[in-house]
Amino acid sequence: RIESLKLVQIMHLLRVVQGGVFLLVAVGTARGLSSSPPPQRRWKATVDEFAERIESVKTAAVGGLVTSFAATPLNFALHWDFLPQAEFNVDQLSLMGAVFGLSYRYAVRDDGNPQLRQGVVGAFALTRGLSSVRVSPQCTFGPLSCGPPLGYLDGAMAWQLASTLLEAGVAFSAAAMAIDYANERNWLKRFPSSESSESSSESSSSSS
């Protein structure tokens, strides 16, 4: 009982110390915010943020829809023996496709570098692929060893990684192509969407 009482007292003391630290941090943050300089411009060009939000929502919707449509056939082919898993994977990819659309719009912009587009697609596909791998029960710790064929990855893990990378690569590549196609036809607008109109108005005013 004495030991338990001491443990309770120590826990109370730690909570008091933790509360004091949080209070000090909050006071310091409030002082810093009150003495902070006036906010600077967020963008180099003048941007209509409401219009940009609308374009971002449209791009996210296209990314989510195209990703889900592109991932459906491959997912149902890979998981034909357990269709609920295929449906869950497609739902996941539709949400990731919406986030991909947002990231793609803000990352690529008007840059014509194909490596930038491929990099965004590859980053999302790699993240999806690696996060979907489940370690086999026979793997040993320190260093990780799971057996043939790769030692670090056994056959089941290698198949999970390869199939998920293929699935995600197809889905996100399709979303990127759809977004580029829509941008070329002005159904969607790259970021910043208002910069070209402002530059053209500035050039016309300067010429006049």
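Remember, predicted model here, so these are calculated numbers, not experimental data.

1. So, the packing of aromatic side chains
Applying the stated criterion to the full structure yields 6 aromatic pairs. Put simply, the rings of F100, Y104, F124 and F172 touch in pairs and so form one group of aromatic residues. If you follow R105 out to its NZ or CZ, it ends over the ring of Y106, 5.5 Å from the centre.

2. Description of the packing of helix α2 (residues 49-78) against helix α5 (residues 155-184)
When two helices pack together, their arrangement is given by the angle between the helix axes and by the axis-to-axis distance. Where α2 contacts α5, the axes come no closer than 8 Å and their chain directions differ by 145°. Regarding α2 and α5, the two cross each other, and that crossing is right-handed. Seen from α2, the contacting residues are T59, V62, G63, V66, T67, A70, A71, L74, N75 and L78; seen from α5, they are W159, S163, L166, E167, V170, A171, F172, A174, A175, A178 and I179.

3. Let's talk about α5
Between the first and last C-alpha of α5 there are 43 Å, a value that for 30 residues agrees with the 44 Å anticipated at 1.5 Å per step. N186 sits one or two residues past α5 and shows a positive phi near 60°.

4. Things to note about the nonpolar core
If you look at the biggest cluster of nonpolar residues, it comprises 17 residues, and the most contacted ones within it are F100, Y104, V120, V121, F124, F172 and A176. Setting aside its immediate chain neighbours within four residues, F124 contacts M96, V99, F100, S103 and F172. Core analysis: the next-biggest nonpolar cluster, separate from the first, contains 6 residues, C139, C146, M157 and L161 among them.

5. Topic: the pattern of salt bridges
What the rule picks out here adds up to 6 salt bridges. Measuring nitrogen to oxygen at the nearest pair gives 2.5 Å for the salt bridge that ties R105 to E52. Placement of R105 in helix α3 (residues 83-108) and of E52 in helix α2 is noted, with a sequence separation of 53 residues between them. In this structure, E184 engages R185 in a salt bridge whose closest nitrogen and oxygen atoms are separated by 3.5 Å. Given the relative accessible area of 38%, R185 is considered partly exposed. Through salt bridges with shared partners, a single ionic network connects R117, D180 and R190.

Calculation criteria
- Residues numbered from 1 in each chain as written.
- Predicted model: local features only at pLDDT ≥ 70, side-chain atom pairs only at ≥ 80, totals over all residues.
- Heavy atoms only, no water.
- Phe/Tyr/Trp six-rings, centres within 6.5 Å; stacked < 30°, edge-to-face > 60°.
- Lys NZ or Arg CZ within 6 Å of the ring centre and 35° of its normal.
- Axes fitted to C-alpha atoms, helices over the stretch in contact; angles between N-to-C directions.
- Helix = DSSP H or I, 4+ residues; strand = E, 2+ residues; numbered from the N terminus.
- Left-handed = near helix turned anticlockwise from the far one by under 90°.
- Contact = heavy atoms within 4.5 Å.
- Expected span 1.5 Å × (residues − 1).
- Core = buried A, V, L, I, M, F, W, Y, C linked by side-chain atoms within 4.5 Å.
- Buried < 20%, exposed > 50% of the residue type's maximum accessible area, 1.4 Å probe, protein only.
- Salt bridge = Lys/Arg side-chain N within 4 Å of Asp/Glu carboxyl O.

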